[in-house]
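A structural walkthrough
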Amino acid sequence: GAVVSQHPSWVICKSGTSVKIECRSLDFQATTMFWYRQFPKQSLMLMATSNEGSKATYEQGVEKDKFLINHASLTLSTLTVTSAHPEDSSFYICSASQGTPWEKLFFGSGTQLSVL
Amino acid sequence: DAKTTQPTSMDCAEGRAANLPCNHSTISGNEYVYWYRQIHSQGPQYIIHGLKNNETNEMASLIITEDRKSSTLILPHATLRDTAVYYCIVFPNTGKLIFGQGTTLQVKP
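Residues numbered from 1 in each chain as written. Chains lettered and ligands numbered in written order. Predicted model: local features only at pLDDT ≥ 70, side-chain atom pairs only at ≥ 80, totals over all residues. Heavy atoms only, no water.

Side note on a nonpolar patch on the surface
Basically, it comes down to this: Here a patch means residues that are over 30% exposed by relative accessible area and free of salt bridges, tied together within 9 Å if like-charged and within 5 Å if nonpolar (Val, Leu, Ile, Met, Phe, Trp, Tyr). Computed with a 1.4 Å probe, the accessible areas rest on the Shrake-Rupley method; for each residue, only the protein chains presented here act as cover. We define a salt bridge as a contact between a side-chain nitrogen of Lys or Arg and a carboxyl oxygen of Asp or Glu at a distance within 4 Å. By definition, any uninterrupted DSSP run of H or I lasting at least four residues is a helix, any uninterrupted run of E lasting at least two residues is a strand, and each is numbered from the N terminus.
Taken together, the side chains of Trp10, Ile12 and Leu116 of chain A define a hydrophobic patch exposed on the protein surface, amounting to about 400 Å² of accessible area. Within the fold, Leu116 of chain A resides in the segment after strand S11 (111-115).

With respect to the interface of chain B and chain A
The condition that has to hold: It only takes one pair of heavy atoms within 4.5 Å for two residues to be counted as in contact. The term buried area refers to how much accessible surface (probe radius 1.4 Å) is lost by two components on association, counted for both of them together. In the analysis that follows, any N or O atom pair within 3.5 Å is treated as a polar contact, provided that within protein one partner can donate a hydrogen and the other can accept it, and provided that, for residues neighboring in sequence, both atoms belong to side chains. All residues other than Ala, Val, Leu, Ile, Met, Phe, Trp, Tyr, Cys, Pro, Asp, Glu, Lys and Arg, Gly among them, are scored as polar; the first ten of these are nonpolar and the last four charged.
Opposite the 21 residues of chain B that make contact, chain A presents 19 residues. With both sides pooled, the region where chain B packs onto chain A buries about 1,600 Å², and carbon together with sulfur makes up 60% of that total. It is Pro44, Lys96 and Phe99 of chain B in chain B that bury the most area against chain A; as a group they hold 25% of the surface buried on that side. Linking chain B with chain A are 0 salt bridges. Across the contact surface, chain B and chain A share 4 residue pairs in polar contact (both at pLDDT 80 or more). Going through the elements one at a time, strand S3 (32-38) and strand S8 (84-91) of chain B are the ones with two or more residues in the side of chain B that touches chain A. Ranked by residues supplied to the side of chain B that touches chain A, first place goes to S3 of chain B with 4 residues. Counted by class, the side of chain B that touches chain A contains 11 nonpolar, 9 polar and 1 charged residues.

Remarks on the pattern of salt bridges
All names here are of chain A. In plain terms, the rule: Accessibility here uses a 1.4 Å probe with only protein chains present; expressed as a share of the type maximum, an area under 20% marks a residue as buried, one over 50% as exposed, and anything in between as partly exposed.
In total, this model carries 4 salt bridges over all chains according to the counting rule given. Between Lys66 and Asp88 there is a salt bridge, with its nearest N and O atoms 2.9 Å apart. Note that Lys66 is positioned in the loop between strand S6 (57-58) and strand S7 (67-73) and Asp88 in the loop between strand S8 (76-81) and strand S9 (90-98), a separation of 22 residues in sequence. By relative accessible area, which is 5% here, Asp88 ends up buried.

Observations regarding the state of the cysteines
All names here are of chain B. Let me state the cut-off plainly: Disulfides are defined as cysteine sulfur pairs within 2.5 Å.
Counted by the stated rule, this structure contains 2 disulfides over all chains. The disulfide partner of Cys22 is Cys88, and the S-S distance across this bridge is 2.1 Å. With the S-S dihedral at roughly -80 degrees, the linkage between Cys22 and Cys88 falls on the left-handed side. Taken together, the residues span a long stretch of sequence, with Cys22 in strand S2 (residues 18-23) and Cys88 in strand S8 at a distance of 66 residues.

Side note on the environment of Asn30 of chain B
Residues and elements named next belong to chain B. Position of Asn30 relative to the elements: it lies in the loop between S2 and S3. What makes Asn30 partly exposed here is its relative accessible area of 38%. Sequence-wise, Asn30 and Gly15 are 15 residues apart; in three dimensions their C-alpha atoms are separated by 35 Å.

What to know about the packing of aromatic side chains
Keep this limit in mind: The pairing test for Phe, Tyr and Trp rings, Trp by its six-membered ring, is centres within 6.5 Å, and the orientation test on the planes gives stacked under 30 degrees, edge-to-face over 60, and tilted for anything in between.
For the coordinates displayed, the defined rule picks out 13 aromatic pairs over all chains. Taken together, the ring pairs in this structure connect Tyr36 and Phe107 of chain A together with Tyr32, Tyr34, Tyr36, Tyr46, Tyr87, Phe91 and Phe99 of chain B into an aromatic cluster.

Structural data, given as structure tokens:
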């Protein structure tokens, strides 16, 4: 099946610093990528939808200036958590759509962010 | 977007079939039913999807009722590695996959 690579797998950073997470579709072109956040013992929460070459669409309540999303190519989307604080500590997961929206999504392995 | 309802948790004996139900009574005619699972601290894994007809692949079977208001995911011979949270999701016209709380399946020896 299609593979979505997400890096890094985990990152620890100091409060106030920025962290960049990469999401790559390795063997297909992803016109749309999605970013999710998951807190312990909770379900995945959709943060934003990223379309190649255009601005990301953020879900209600997600700060677009804090979570910068760039989808510069059909195989790469990045999420930058700016000025991270301890409450941003979470499991971040990306997914990529192969083909139309009707096709299945493939997910990265996730990034565990810990902000000290 | 159509909402799904799943039991919070289920147990299953190793080697037995695991039947995971899902209600989606507000599903629209062109919306698909997708199933994903998430093993602890990993990204969700695609299992199967369907529209109207029952579907089967190497991982599981999906049974969708004739009125499409509910479905059942069947893992024919559950193993300990099938212990995970299983999500039933209706894939809406918006193309955004919205996760509910899912069912925590515990496969026991």
